[in-house]
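Understanding the architecture of this molecule
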Amino acid sequence: MCALDALDFAVRTGEVFGFLGPNGAGKSTTIRLLLGLARPTAGQAWIFGTDAADVGTAHRSVAYVPADVALWPGLTGAETLELLGRIGPGVDRAYRDELVERFALDLSKPGRAYSTGNRQKVALVAAFATRAPLLILDEPTSGLDPLMEREFQAVVSQARQRGQTVFLSSHQLAEVEAVCDRVGILRAGRLVEVARVPELRRLHRSQVEVTYRGPAPTLTGVAGIETVEELDPERLRFTLTGPPGPALRALAAADVTGVRIHEPTLEEIFLNYYTRVSR
């Protein structure tokens, strides 16, 4: 069984890269390769010019948050953060204290007493408090409430501003859309798309609804316009693919009173790939 097939992509320094795919697509296998926990049967994974298989060197540049965080049951949160700070690539203690407050984390409890969300908070604080050039986050907001998810998004943006690179594997499509510069969509071990979110949207159809007075705009043969549908007298809807310029010029020739455009969300784009596969 092939977990990944001809996977080839690069994450740019200082960007937030979203890695999307359902369970079984190969996301976790990719992360295991990046962390040196698995070896590819062909090819190599590189972290800042270091072969990921050279774990001792590569891990000096990496902070990692797993999807399911396990803590030492007898150590308090404070002791856990101290231990992780000593064995990692360095830690900004003042920023760590700030993160503890922002994530509302009680450090006095032992690991065995933490909920899933609080274990996740410990790992997030430990990772973001480092100055690791690369943060690898695998479903990092699992168990967090919406308020903490918003805080997570703010912290990711701050990491980008500091020049850190973030590799974010997630099922939370709204989260990826909010924080990522580029997105890779993985399907059955193969990348089906790598692009910036606005570029992905342009590859897919938008729904445009137009209201007008008098004669309807002439849309036949206009580049990018498909499936024109009359909804009511003086109201129509059409599907738009690609740049909107030709459509806007056609609409300008009529007495248009309103235009509403529904751009596809990242979730709609993502689901579209899997719908096409099932046909």
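Conventions used here
Residue positions are given per chain, counting from 1 as you read along its sequence in written order. Reporting in this predicted model follows two pLDDT cut-offs: at least 70 for local features of residues, and 80 or more for side-chain atom pairs to be given and counted; totals over whole chains, interfaces and linings ignore these cut-offs and use all residues. As a convention, hydrogens and water are excluded, and side-chain values are obtained from all of the structure's heavy atoms. If DSSP finds at least two bridges between two strands, the strands pair. Here a helix means four or more residues in a row that DSSP labels H or I, a strand means two or more in a row labelled E, and each is numbered from the N terminus. Each axis is a line fitted through C-alpha atoms, and for a helix only the stretch in contact is used; angles between axes span 0 to 180 degrees, taken between their N-to-C directions. Contacts are assigned to residue pairs that have any heavy atoms within 4.5 Å of one another. Roughly parallel covers angles under 35 degrees, roughly antiparallel covers those over 145, roughly perpendicular covers 65 to 115, and oblique covers all other angles. Note on residue categories: nonpolar means Ala, Val, Leu, Ile, Met, Phe, Trp, Tyr, Cys or Pro, charged means Asp, Glu, Lys or Arg, and polar means any other residue, Gly included. Expected helix span is computed as 1.5 Å times (number of residues minus one). Partly exposed residues are those whose accessible area sits between 20% and 50% of the maximum for their type, while under 20% is buried and over 50% is exposed, using a 1.4 Å probe and protein chains only. Arc definition: directions from the helix axis to the C-beta atoms. In protein, a polar contact means a hydrogen-donor-capable atom and an acceptor-capable atom, both N or O and within 3.5 Å, with residues adjacent in sequence counting only if both atoms are side-chain atoms; elsewhere, any N or O pair within 3.5 Å suffices. Salt bridges are counted wherever a side-chain nitrogen of Lys or Arg sits within 4 Å of a carboxyl oxygen of Asp or Glu.

Now for the sheet that holds strand S5 (residues 134-138). Taken together, six strands build an open sheet; the order of strands is S4-S5-S6-S1-S7-S8 and the sheet is mixed. Each having just a single partner strand, strand S4 (62-65) and strand S8 (190-196) make up the two edges of the open sheet. Put simply, the sheet's adjacent strands are angled 15° from each other on average, direction ignored. Taken together, the four bridges between S4 and S5 define a ladder with parallel strand orientation. Its bridge partner lying in S5, Val62 is registered against Leu134.

The strand order across the open sheet built from four strands is S10-S11-S9-S12, with neighbouring strands paired in antiparallel fashion. The outermost strands of the open sheet, each flanked by one partner alone, are strand S10 (225-232) and strand S12 (255-262). Between one strand and the next, the sheet's axes are offset by a mean angle of 20°, whatever the strand orientation. Pairing of strand S9 (residues 206-213) with strand S11 (residues 235-240) involves six bridges; the strand directions are antiparallel. Along S11, the bridge assignment pairs Ser206 with Leu240. Packed onto the sheet, helix H9 (residues 245-252) meets S9, S10, S11 and S12 and runs at close to 160° relative to S11.

Turning our attention to the packing of helix H4 (residues 93-102) against helix H6 (residues 146-161). Contact pair H4 / H6: the axes reach a minimum separation of 11 Å and the direction vectors enclose 155°. It follows that H4 is roughly antiparallel to H6 by the angle criterion. Touching Tyr95, Leu99 and Arg102 of H4 are Met148, Glu151, Ala154, Val155 and Gln158, all from H6. Broken down by class, the residue content of the contact of H4 with H6 amounts to five nonpolar, one polar and two charged.

Counted at 1.5 Å a residue, the expected span for H6 with its 16 residues is 22 Å, and the 23 Å between its end C-alpha atoms agrees. Residues of H6 that are buried: Met148, Phe152, Val155, Val156 and Ala159. The arc enclosing the buried residues of H6, seen along the axis, measures out at 105°, which places them on a common side. Counted as exposed and oriented over 90 degrees from the buried face of H6: Pro146, Leu147, Arg150 and Gln161. Those residues of H6 hidden inside the fold are in contact with strand S1 (16-20), H4, helix H5 (116-128), S5, strand S6 (165-169) and helix H7 (173-179). At the N-terminal end of H6, a side-chain oxygen is found 3.1 Å from the backbone nitrogen of Leu147, two or three residues along, and the residue is Asp145. Following H6 by one or two positions, Gly163 adopts a phi angle in the positive range, close to 90°.

Applying the stated criterion to the full structure yields 15 salt bridges. Between Arg96 and Glu82 there is a salt bridge, with its nearest N and O atoms 3.5 Å apart. Of the two residues, Arg96 is situated in helix H4 and Glu82 in helix H3 (residues 77-87); the sequence distance between them amounts to 14 residues. Its relative accessible area of 9% is what places Arg96 among the buried residues. Residue Glu82 is classed as partly exposed on the basis of its relative accessible area of 22%. The residue Arg237 makes a salt bridge to Glu229 at a minimum N-O spacing of 3.1 Å. You can call Arg237 partly exposed: its relative accessible area is 28%.

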